[in-house]
Amino acid sequence: MAAYRQTARWGWIGYLTMLLVLVALFSLGVGGVHIPLKKVIFLLTHGRGTPDYTILFTVRLPRILLGLAVGGGLAIAGVVLQGMFRNPLVEPYTLGISGGAALGVALNIVVGGRAGLGLFSLPLSGFAGGVGVMAVVYLLSTRVAMLKLSRLLLIGVMASFITSSLIMLIMAMTRTEDLHGIIFWIMGSLQEPNIALIWVILAISLGGLLCALFYAADLNALSLGEEEAFHLGVKVERLKKVLFFLSSFVTGCCVSVSGIIGFVGLIVPHLLRLLVGGDHRILIITSYLAGAVFLILCDTLARVIMPPTELPVGVITGLLGGGVFIYALTRKGVSL
Amino acid sequence: MILEIKDISSGYGRRMVLTGVSLRIERGEFLGIIGPNGSGKTTLLRAISGFLPLVKGHITFEGRGREQITRRELAQKMAVVTQSSDQTPLFSVEEFVVLGRLPYRGNLQFMETTRDVEVAERAMELTGIGHLKKRMMGELSGGERQLVSVARAIAQEPRLLLLDEPTAHLDIGHQVQIMDLLRQLNREHSLTIVMVLHDLPLASLSCERLVLLNQGRVRKIGRPEAVLTRGVIEEVYKISVNIMKTSLKGRPLILPALGKVV
């Protein structure tokens, strides 16, 4: 019925879904043991019990699911924040959340909290650190019950600097084996032995997607400016707070499991905006899909480029993402 | 009467910009708010729209206290065209205009309804921007963008339209195009229009009634020939002027005498 539904932009949702399926199948197939596509499909249906089946379902599939959850989650957090701040340079990490998470993990490793909480120890400390810093940033940016966005951005950037200084302080004073643990975590990885944790993160990430979609129309109004949104009947103060908590919570959960994987939350929303335009209803869905595709692809490359060494996935996202981004921006006819 | 403003004071933080402003606006009026820079024109518009809270006084909209009307309901009855409409290069014109239907959206409604699309189409036709609808906002000229902003406001189907300097930075051709459009909306669609204007000749020629603000207070209200008098303008703008009567309904034109600061 509606004319706007037929615009080509909605088609991107279909293309990216197909791309996601293809990339996931590709990622299942390649690696130390190569499993051709036909065999992957055969194994998916009747391969239970074989060694290849074990590789697929206990090694590769969990990574793909986590890539989907983290890539998609970081991308929508980026879309929401960039739309709300009307600033294309904002990403989940600009606001201090990654610094806070890394600080939490570094403290945990040094203090040796792992003994007490087991497998959930690092994710929990990362989550606590990230959300803790976000809470401080939030409280400092609120004046007379109004959330000042420019203030939030500056305080977030400063919080990032302070936490990274504290992490360096901890690293300077720590033992070598702890140092290794901290650096490994900061580089980020999709290797997560605890499958239950992966399901939790996937549920949170998909929940975040639904929640963001619920506010997509309001976010369209907010991307015109706070005053314009107010005049369109949007409850601006409440919306800003909800969106801030939504993006911090989703980022905090992603970071707590995967460590710090940069660029996804910055670049994916940006490229998708050039591709599908400013309507957040389309932008949120397509960014989620594209974030998942991008991270799964980067993780697969990280596994297969120099076997048996696995490169840090953050290196690949940075190189590939940064490169693609610069190419997109310097192409003729692209204006921001 | 559509709007009654009783003795309001408002401002930013501790700084009061408006003090004790009262104003009654009748249904179907075409009212201009004029005054020097910093006299509180935009602040008055924001106080009326509710964007700035009142420190004192109150405003009734269609007989009800404005604080009793929800944000959403108010947005269905009152639309505002602000000066900051250049921030959204990545919306197409039709996407931008249909955002005016937001106040009518159901809580769980994801897509626009057929009616939303029809209203947006009609708003684009009315403002003469139908041919631009597939273009991106970032590609438009200032004048086109202003027409698109008005179209979005009309898509809200308001009874009261507030505009903040709708002709600022536009050439004389586009100024006239916007003013003619607003007068047509006012006459044919009985839309009440209240706008801030900087340009005194334009205000004199187009508005039925003017409110002159000075230092946050109402200095004079009335027909253009009653407000734009030599004594009042020289006192408020602190320059020396000559007044010329035009053949158009005797509307006055202000001619500043250069080099003579009062």
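Positions within a chain are numbered from 1, following the residues in the order the chain's sequence is written. To read the labels, note that chains go from A and ligands from 1, taken in the order they are written. Only residues with pLDDT of at least 70 get local features here, since the model is predicted, and only at 80 or more are side-chain atom pairs given and counted; chain-wide, interface and lining totals rely on the full set of residues. Hydrogens are left out, water is left out, and the side-chain values use all remaining heavy atoms of the structure.

Chemist: Help me out: how do you make sense of the overall build of chain B in this one?
Modeler: Looking only at helices and strands, one finds nine helices and 12 strands in chain B. Here the C-alpha radius of gyration of chain B, 19 Å, is about what a compact globule of 262 residues would show, namely 18 Å. Taking the principal axes of the C-alpha coordinates as reference, chain B spans close to 60 × 40 × 35 Å. In this scheme, a residue with accessible area under 20% of its type's maximum is buried, one over 50% is exposed, and one in between is partly exposed, where area comes from a 1.4 Å probe on protein chains only. Residues counted as buried form 55% of the 262 residues belonging to chain B. The contacts of chain B with a sequence gap of at least 6 include a subset with a gap of at least 24, amounting to 64%. Using a 1.4 Å probe, accessible areas were evaluated by the Shrake-Rupley method; residue-level cover was limited to the displayed protein chains. Of the roughly 11500 Å² that chain B leaves accessible, carbon and sulfur atoms contribute 53%. Secondary structure elements are taken from DSSP: a helix is a run of H or I of four residues or more, a strand is a run of E of two residues or more, and numbering for both begins at the N terminus. As a reference, a globule follows 2.2 Å times the number of residues to the power 0.38, and the radius of gyration itself is taken over C-alpha atoms. Contacts are assigned to residue pairs that have any heavy atoms within 4.5 Å of one another.

Chemist: Even after reading the chapter, I still don't get the packing of aromatic side chains, so can you show me in this structure?
Modeler: Aromatic ring pairs: the centre-centre distance and the angle between the two ring planes describe each pair. Residues and elements named next belong to chain A. Paired rings are identified among Phe, Tyr and Trp, the last through its six-membered ring, by centres lying within 6.5 Å, and are further divided according to the angle between planes into stacked (under 30 degrees), edge-to-face (over 60) and tilted (the rest). Here the structure, examined in full by the defined rule, presents nine aromatic pairs over all chains. Ring geometry for Tyr53 versus Phe57: centroids 4.4 Å apart, planes at 25°, classification stacked. Separated by four residues within a single helix, Tyr53 and Phe57 lie in helix H3 (residues 51–85), roughly one turn from each other. A relative accessible area of 13% means that Tyr53 is categorised as buried. Here the aromatic rings of Tyr138 and Phe245 are separated by 5.1 Å at their centres, their planes lie at 50°, and the arrangement is tilted.

Chemist: Can you walk me through a nonpolar patch on the surface in this structure?
Modeler: Like-charged residues are merged into a patch within 9 Å and nonpolar side chains (Val, Leu, Ile, Met, Phe, Trp, Tyr) within 5 Å, provided each residue has over 30% relative accessible area and no salt bridge. Should a side-chain nitrogen of Lys or Arg be within 4 Å of a carboxyl oxygen of Asp or Glu, the pair is scored as a salt bridge. Together, Ile162, Leu166, Leu169 and Met173 of chain A line one region of the surface with nonpolar side chains, adding up to about 410 Å² of accessible area. Structurally, the position occupied by Leu166 of chain A is in helix H7 (residues 149–172).

Chemist: Honestly, the pattern of salt bridges in this entry has me stumped. Any pointers?
Modeler: In a structure, side chains of opposite charge can pair up when their charged atoms sit close to one another. Residues and elements named next belong to chain B. All chains considered together, the criterion is met by 30 salt bridges over all chains. Glu157 serves as the salt-bridge partner of Arg101, at 3.1 Å between the closest nitrogen and oxygen. Highlighted residues: Arg101 in the loop between helix H3 (93–98) and helix H4 (114–126) and Glu157 in the loop between helix H5 (142–155) and strand E7 (160–164), separated in sequence by 56 residues. Its relative accessible area of 4% is what places Arg101 among the buried residues. By relative accessible area, Glu157 is classed as partly exposed at 28%. Ionic pairing is found between Arg230 and Glu234, a salt bridge with its closest N-O pair at 3.3 Å. Of this pair, Arg230 and Glu234 are both found in helix H9 (residues 230–237), four residues apart, which corresponds to roughly one turn of the helix. Classification of Arg230 as partly exposed rests on a relative accessible area of 44%. Given a relative accessible area of 18%, Glu234 falls into the buried group. Put simply, Arg27, Glu62, Arg64, Glu73, Lys77 and Arg159 are held in one network by salt bridges that share partners.

Chemist: Would you mind going over the pairing of strand E4 (residues 56–61) of chain B with me for this structure?
Modeler: Regular strands show a simple pattern: their side chains alternate between the two faces of the sheet. The pairing of strand E1 (residues 3–12) of chain B with E4 of chain B spans five bridges and is classified as antiparallel. The residue bridging Leu3 of chain B from the neighbouring strand is Phe61 of chain B, located in E4 of chain B. When DSSP finds at least two bridges between two strands, those strands are taken to pair.

Chemist: Would you mind going over the sheet that holds strand E10 (residues 217–222) of chain B with me for this structure?
Modeler: Think of a sheet as strands paired side by side through backbone hydrogen bonds, with each pair either parallel or antiparallel. All names here are of chain B. With mixed pairing, six strands are arranged side by side in an open sheet as E6-E7-E8-E3-E9-E10. Each edge of the open sheet carries a strand with a single partner, namely strand E6 (78–81) and E10. Across the sheet, the mean angle separating the axes of adjacent strands is 15° when strand polarity is ignored. Inspection of the sheet shows E6 paired to E7 by four bridges, in the parallel sense. Of the residues in E7, the one forming a bridge with Ala79 is Leu161. The strands touched by H5 are E6 and E7; relative to E6, the strand with the most contacts, the crossing angle is about 165°. Axis lines are fitted through C-alpha atoms, for helices just across the contact stretch, and the angle between N-to-C directions can take any value from 0 to 180 degrees. Those strands touched by helix H6 (residues 172–188) are strand E3 (30–34), E7 and strand E8 (192–196), and its axis lies near 150° from that of E8.

Chemist: What's the story with the confidence of the model for chain B in this structure? I'm lost.
Modeler: Caution applies to low-pLDDT parts of the model: their predicted coordinates are not meant to be read in detail. Every residue gets a pLDDT, meaning the predictor's confidence in that residue, from 0 to 100. Confidence in the prediction for chain B averages 90 pLDDT; 98% of positions are at 70 or higher. Mean pLDDT across the elements of chain B ranges from a minimum in strand E12 (residues 252–261) of chain B, with 80, to a maximum in E8 of chain B, with 96.

Chemist: What is the right way to read the interface of chain A and chain B from this model?
Modeler: Frequently, the measure chosen for interface size is the accessible area that the parts lose on association. Across the boundary between the two partners, chain A contributes 31 residues, which contact 39 residues of chain B. Both faces considered, chain A and chain B share a buried interface measuring about 3300 Å² in area, 61% of it formed by carbon and sulfur atoms. On inspection of chain A and its partner chain B, the count reaches four salt bridges. Residues Glu227 of chain A and Arg46 of chain B are paired through a salt bridge, measuring 2.8 Å at the closest nitrogen-oxygen approach. Any pair of nitrogen or oxygen atoms within 3.5 Å is treated as a polar contact; in protein, a donor-acceptor pairing is required on top of that, and neighbouring residues in sequence qualify only through side-chain atoms on both sides. Our count for the contact surface shared by chain A and chain B stands at nine residue pairs in polar contact (both at pLDDT 80 or more). Elements that contribute at least two residues to the side of chain A that touches chain B include exactly helix H9 (195–214), helix H10 (216–222) and helix H11 (226–231) of chain A. Any residue that is not Ala, Val, Leu, Ile, Met, Phe, Trp, Tyr, Cys, Pro, Asp, Glu, Lys or Arg is counted as polar, Gly included; the first ten are nonpolar and the last four charged. Its residues placed into classes, the side of chain A that touches chain B shows 13 nonpolar, seven polar and 11 charged. When two components associate, each loses some accessible surface as probed by a 1.4 Å sphere; the sum of these losses over both components is called the buried area.

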